[in-house]
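An overview of the molecular structure
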Amino acid sequence: MGTELETQIADLKKQVNQLKEGTKDQLSMVVFSGDMDKILAALIIATGAAAFDMKVKLFFTFWAISALRDPAKNGKGKNFIEKMFGMMLPKGSPKLKLSNMNMGGMGTAMMKGIMKKHKVASIEEMLKTAGEIGIEINICEMSMNLMGFKKEEMIDYPHMTICGVATFLTDAAESKIQLFI
Amino acid sequence: MSTEELKKIKSNTIVDARGTACPGPLLAAKKAIGEIESGEIMEIYSSDEGTKNDIPKWCNKMTHEFLGIIEEDSYSRLFLKKA
């Protein structure tokens, strides 16, 4: 009986603590897709949220990590398969394709032209802004290993960390908004 | 505020975000608001239609007082008072 009560009390304490912590004014996003349009949408939402004074944490995983590769950098010590992956996947954000109407690259080129005309910032510009306003980028280590990407081939970004799913879960649990793109 | 009242306002700072698309005007506003004092007035020029809906919502969240909009030929002037 005594231990049962103790467990209940411990449970209640845990719940009270969770209530006390509550959610922060924070946006937590999984950026999974490596499509140019989806990354752009993610960055527009992220920078917008930062303008709303929200803390923003982006968890880059799988195909999206290609967007963070620096075209001028190379990873060292890659095996054959990793080298193949590296060659086949877009090397940096300027190489990303549209999720629809890519038409062998024509659609993407046209979209970039339209974006310029409408003064929509490019992904490179958005990433620079994101860094300036303190948006955190966390890269999933497991995905990086799967794709054979190395930390040294990522862009210079002021708030970049390599981490795992626990980081995302902790961030998401305390965020008011969670998104998956 | 009415357009007449708004026209009389002398803004402390003007943010010209004409020609930028979402979220450009919002980010410009966010950057500029840090440079004025509480109670001062900021004016945002924007040619992006959506900004007219977005800035009042932003003000609401940030507790700045949204004062109103003056429509010019090819852009809008949005007024707000810093909280």
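Scroll up to find the structure this text is about.
Quick look at the structure, then. (Residues numbered from 1 in each chain as written. Chains lettered and ligands numbered in written order. Predicted model: local features only at pLDDT ≥ 70, side-chain atom pairs only at ≥ 80, totals over all residues. Heavy atoms only, no water.)

The grouping of Trp63, Phe80, Ile81, Met84, Phe85 and Met88 of chain A at the surface amounts to a nonpolar patch, some 680 Å² of accessible area in total. Turning to its location among the elements, Met84 of chain A is positioned in helix H3 (residues 80-88). (Patch = residues over 30% accessible without salt bridge, like charges linked within 9 Å, V, L, I, M, F, W, Y side chains within 5 Å. Areas by Shrake-Rupley, 256 points an atom, 1.4 Å probe, with all protein chains shown as cover. Salt bridge = Lys/Arg side-chain N within 4 Å of Asp/Glu carboxyl O. Helix = DSSP H or I, 4+ residues; strand = E, 2+ residues; numbered from the N terminus.)

Now for helix H2 (residues 36-51) of chain A. Taking 1.5 Å of rise per residue, 16 residues should cover 22 Å, and H2 of chain A covers 22 Å from first to last C-alpha, within 8% of that figure. Among all positions in H2 of chain A, only Met36, Ile39, Leu40, Ala42, Leu43, Ala46, Thr47, Gly48, Ala49, Ala50 and Ala51 of chain A are buried. Turning to H2 of chain A, the residues buried within the fold contact strand S1 (24-31), strand S2 (55-60), helix H4 (106-117) and helix H5 (123-132) of chain A together with helix H2 (24-33) and helix H3 (51-62) of chain B. (Expected span 1.5 Å × (residues − 1). Buried < 20%, exposed > 50% of the residue type's maximum accessible area, 1.4 Å probe, protein only. Contact = heavy atoms within 4.5 Å.)

Quick look at the interface of chain B and chain A now. Contacts between chain B and chain A engage twelve residues on the former and 15 residues on the latter. Between chain B and chain A, the buried area comes to about 1000 Å², and carbon and sulfur atoms account for 68% of it. The residue Lys61 of chain B makes a salt bridge to Asp25 of chain A at a minimum N-O spacing of 2.9 Å. Elements that contribute at least two residues to the side of chain B that touches chain A include exactly H2 and H3 of chain B. (Buried area = accessible area lost by both parts, 1.4 Å probe.)

Another aspect to go through is empty space enclosed by the protein. The gaps left among the atoms become clear once a water-sized probe is rolled over them. Residues and elements named next belong to chain B. For the structure on display, the rule yields one cavity of 30 Å³ or more. There is about 40 Å³ of room inside the largest cavity. Elements supplying a minimum of two residues to the lining of the largest cavity: H2 and H3. Looking at the lining of the largest cavity, the element that brings in the most residues is H3, giving three residues. Along the lines of polarity and charge, the residues of the lining of the largest cavity split into five nonpolar, one polar and two charged. (1 Å grid on protein atoms, 1.4 Å probe; cavity = no way out; pocket = protein on both sides within 12 Å on 5 of 7 lines; lining within 4 Å. Points joined across faces, edges and corners; volume = space filled by probe spheres on them. Nonpolar A, V, L, I, M, F, W, Y, C, P; charged D, E, K, R; others polar.)

Glancing now at the nonpolar core. All names here are of chain A. In terms of nonpolar packing, the biggest core is built from 38 residues, with Ile39, Leu58, Phe60, Leu68 and Ile137 touching the most fellow members. For this core, the secondary structure elements donating two or more residues are S1, H2, S2, H5, strand S3 (136-140) and helix H6 (141-147). The leading source of residues in this core is H2, at eight residues. (Core = buried A, V, L, I, M, F, W, Y, C linked by side-chain atoms within 4.5 Å.)

This next bit is on the sheet that holds S2 of chain A. Residue and element names in this part refer to chain A. Reading across from one edge, S4-S3-S2-S1-S5 is the order of the five strands in this open sheet, with parallel pairing throughout. Whereas interior strands pair on both sides, the edge strands pair on one side only; in this sheet they are strand S4 (160-163) and strand S5 (175-180). Taking each pair of neighbouring strands and ignoring which way they run, the sheet shows an average axis angle of 20°. Relative to S2, S1 runs parallel, the two being bridged by six bridges. Across the sheet, residue Gln26 finds its bridge partner in S2, namely Lys55. Docked against the sheet, H2 engages S1, S2 and S5, running at close to 170° with respect to S1. Contacts from helix H7 (residues 165-173) reach S1, S2, S3, S4 and S5, with the element oriented near 140° to S1. (Pairing = 2+ DSSP bridges. Axes fitted to C-alpha atoms, helices over the stretch in contact; angles between N-to-C directions.)

Residue Pro23 of chain B is reached from Cys22 of chain B by a cis peptide bond, and omega for that bond is 5°. Relative to the helices and strands, Pro23 of chain B resides in the loop between strand S1 (13-16) and H2. You will see that Met103 of chain A, though not glycine, has its phi angle at about 45°, which is positive.

Before going further, it helps to spend a moment on H7 of chain A. All names here are of chain A. Listed as buried for H7 are Phe168, Asp171 and Ala172. Down the axis of H7, the buried side of the element spans an arc of 95°, and every buried residue falls inside it. Turned more than 90 degrees away from the buried face of H7 sit Ala166, Leu169 and Ala173, all of them exposed. Summarising the contacts, the buried residues of H7 are in contact with S1, S2, S3 and S5. (Arc of directions from axis to C-beta.)

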